[in-house]
Amino acid sequence: HYEKPKEVQIDTIPESLPEPPMEEQIKKQREYRYVMFQFDYDKRDFKEEYRQDLNDLLETMKDFPETTRFMITGHTDARGTDAYNDALSLKRANAIKEQLVEAGFDANRLETQGKGKRELLIKNPQTEEDHYKNRRVEVTIIMENEQEYEKNNRSFYCFVYKYIRFCTRRIYDE
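Residues numbered from 1 in each chain as written. Predicted model: local features only at pLDDT ≥ 70, side-chain atom pairs only at ≥ 80, totals over all residues. Heavy atoms only, no water.

### Looking at the environment of Thr68
Its location among the elements puts Thr68 in the loop between α2 (51-62) and β2 (69-74). Distance from Thr68 to Ile142, taken between C-alpha atoms, is 6.7 Å for residues 74 residues apart in sequence. (Helix = DSSP H or I, 4+ residues; strand = E, 2+ residues; numbered from the N terminus.)

See below:
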C-alpha cells in the first residue's frame, strides 16, 4: 500500500538556522582570516581611514574570553626582495598591534608575524590595484585546543558575521 507523502507548506522563515555540526564549526574557526587593513606601497603606517574599523574590531575582540589570543599577520605585494618584504610585513603587523594596544587591548593576547610576499591574494598581479589588495594585515583567532574552540564558538561566529561585509567590500569591490 503506497501513501503519497503529505505536502508541507512553509509559511514562515525560521528565526535562526540550525548550528552546523561542531566539527564544521571548528574547521571554520581554524581557517578563518579576517582581512582588515591595507597599506600603500612600501609603507607601514596605519591609515586613519581605518580608525572606526579598528575601534569596531577592538570592541569585538574584547567580547572574546580573556584566554583568546589573536595573530596579526602582515603581507606585502610581489615586488621587492624576500628579506625586505619580510621585514616590511612584520612592521605592518606591529603597526596594527600598536594601534590595538594603544586603544586598550592586552598586548599579551596579540602575536605578530610577517609573511612578506609568500601568501598573495592576487597570485599574478598585473595592476597597481592587484598589488594593493596583496598589501594587507590579517587578524586570526588563535586557540590552543578543541575545548577552546568550543568555548569560543558563539563569539567566533559573531565576529565573522559582523565583519564579512567589510572584508568583501575592502578586498573585492575596490
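Having seen the model, we can carry on.
### Comments concerning the pairing of β2
Burial runs high along β2: 5 of the 6 residues are buried. By the bridge criterion, 6 bridges tie β2 to strand β4 (residues 136-142) in an arrangement that is antiparallel. Bridge pairing in β4 places Gly74 opposite Val137. Taken together, β2, helix α3 (residues 82-102) and strand β3 (residues 110-114) constitute a β-α-β crossover, and its handedness is right-handed. (Buried < 20%, exposed > 50% of the residue type's maximum accessible area, 1.4 Å probe, protein only. Pairing = 2+ DSSP bridges. Right-handed = clockwise from strand over helix to strand, strands pointing away.)

### Considering α2
The end-to-end C-alpha separation of α2 is 17 Å, in line with the 16 Å expected for 12 residues at 1.5 Å each. Among all positions in α2, only Asp53, Leu54, Leu57, Leu58, Thr60 and Met61 are buried. The arc enclosing the buried residues of α2, seen along the axis, measures out at 165°, which places them on a common side. (Expected span 1.5 Å × (residues − 1). Arc of directions from axis to C-beta.)

### A short note on the environment of Gly80
Topologically, Gly80 is positioned in the loop between β2 and α3. For Gly80, a relative accessible area of 45% corresponds to the partly exposed category. A sequence separation of 37 residues divides Gly80 from Lys117, and the C-alpha atoms of the two residues are 8.8 Å apart. Sequence-distant contacts of Gly80, that is, excluding residues within four places in its chain, are made with Asn85 and Lys117. (Contact = heavy atoms within 4.5 Å.)

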